[in-house]
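Below, each chain spelled out in residue letters.
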Amino acid sequence: MKNLAVVLLTGVTLMLSGQAYSQAKVDVTWEKPEKYTDVRPSNESRTRFKERTFKQLDEYIVELAETLPEGQTLKMNVTNLDLAGQVWPASFVGMGSGANDVRLIKSIDIPRIAFSFELLGADGAVIQQGEQNLKDMSFQNRHNPFFASENLRYEKNMIRMWFDEQFPQEVAKKNTH
């Protein structure tokens, strides 16, 4: 019985590792984040909040890139990030006199992200490249597939829409499988 469990575990591990190797690579660089428009935390240290924010967006971009053909590499160099909403002291927005801050999201404080990108083939040749200055002026009024409790839901939706438009063949492949 123990041997069967080991064989099954080994098989699952090989399947998962093979799946990881068959995906495109992603390289996201967060250039000079101290100069970004708004990556302000509401209730944690700035450093920890930035690290967590960048990690969550990195992971989401990697998830999107799973639709890209094997061997391709998506490189992104982010030069600005402006999260949806603004951070205010809780007392300014009528939430008591505590020391906590609150991110208040209004339609006027839209999410934005600026970056350059390159999509490289397995041979290293540039397939696509460009500069993007994304902003979602209708972020609260459009379909958003993320739960309301999802961190960075507006920013992820904006990046998803760009990805779907920028790489339509890969998205079509994903939807037919």
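Refer to the structure above for everything that follows.
Since the structure is predicted, the reported quantities are computational estimates derived from the model, not experimental observations. (Residues numbered from 1 in each chain as written. Predicted model: local features only at pLDDT ≥ 70, side-chain atom pairs only at ≥ 80, totals over all residues. Heavy atoms only, no water.)

## What to know about the packing of aromatic side chains
Aromatic ring pairs are defined here through the distance separating the ring centres and the angle between the ring planes. Per the stated rule, a full pass over the model turns up ten aromatic pairs. Centroid distance Trp 162 to Phe 167: 5.6 Å. Interplanar angle 80°. Geometry classified as edge-to-face. Note on Phe 167: relative accessible area 0%, which makes it buried. (Phe/Tyr/Trp six-rings, centres within 6.5 Å; stacked < 30°, edge-to-face > 60°. Buried < 20%, exposed > 50% of the residue type's maximum accessible area, 1.4 Å probe, protein only.)

## Quick notes on the nonpolar core
Core analysis: the biggest nonpolar cluster contains 30 residues, and Trp 30, Leu 68, Leu 74, Leu 81, Ile 113, Phe 115 and Phe 167 have the highest contact counts within it. Those elements that place two or more of their residues in this core are β1 (25-30), α2 (46-65), β2 (73-82), β5 (112-120) and α3 (153-166). Among the elements that line this core, the one with the most residues is α2, at seven residues. With sequence-adjacent residues up to four places away left out, Leu 74 is seen in contact with Lys 25, Val 26, Asp 27, Ile 61, Leu 68, Phe 117, Glu 118, Leu 119, Phe 163 and Phe 167. (Core = buried A, V, L, I, M, F, W, Y, C linked by side-chain atoms within 4.5 Å. Helix = DSSP H or I, 4+ residues; strand = E, 2+ residues; numbered from the N terminus. Contact = heavy atoms within 4.5 Å.)

## Considering the pairing of β2
With six bridges joining them, β1 and β2 adopt parallel strand pairing. Bridge assignment links Asp 27 to a residue of β2, and that residue is Lys 75. Taken together, β1, α2 and β2 form a β-α-β motif whose crossover is left-handed. One ladder, built from nine bridges, connects β2 with β5; its direction is antiparallel. (Pairing = 2+ DSSP bridges. Right-handed = clockwise from strand over helix to strand, strands pointing away.)

## Details of unusual backbone geometry
Its identity is not glycine, yet Lys 32 carries a phi of approximately 45°, on the positive side. Position of Lys 32 relative to the elements: it lies in the loop between β1 and α2. The partly exposed category is assigned to Lys 32, whose relative accessible area is 48%. Within the chain, Leu 152 stands out as a residue other than glycine whose phi angle is a positive 60°. Position of Leu 152 relative to the elements: it lies in the loop between β6 (126-135) and α3. For Leu 152, a relative accessible area of 12% puts it in the buried group.

## Concerning the environment of Gln 140
Checked against the element boundaries, Gln 140 lands in the loop between β6 and α3. The partly exposed category is assigned to Gln 140, whose relative accessible area is 35%. Separated by 30 residues in sequence, Gln 140 and Ile 110 have C-alpha atoms that sit 8.9 Å apart. Contacts of Gln 140, omitting those with residues within four sequence positions, involve Ile 105, Lys 106, Ser 107 and Tyr 154. In this structure the side chain of Gln 140 is engaged in a polar contact, spanning 3.1 Å, whose partner is the backbone nitrogen of Ser 107. (Polar contact = N/O pair within 3.5 Å; in protein donor to acceptor, adjacent residues only side chain to side chain.)

## What to know about the packing of α2 against α3
As a packed pair, α2 and α3 sit with axes 11 Å apart at the nearest point and diverge in direction by 30°. The angle between α2 and α3 places the two elements in the roughly parallel class. For the pair α2 and α3, the crossing hand works out as right-handed. Of the residues in α3, those touching α2 at Gln 56, Leu 57, Tyr 60, Ile 61, Leu 64 and Ala 65 are Glu 155, Lys 156, Ile 159, Arg 160 and Phe 163. Of the residues that constitute the contact of α2 with α3, the class distribution is seven nonpolar, one polar and three charged. (Axes fitted to C-alpha atoms, helices over the stretch in contact; angles between N-to-C directions. Parallel < 35°, antiparallel > 145°, perpendicular 65-115°, else oblique. Left-handed = near helix turned anticlockwise from the far one by under 90°. Nonpolar A, V, L, I, M, F, W, Y, C, P; charged D, E, K, R; others polar.)

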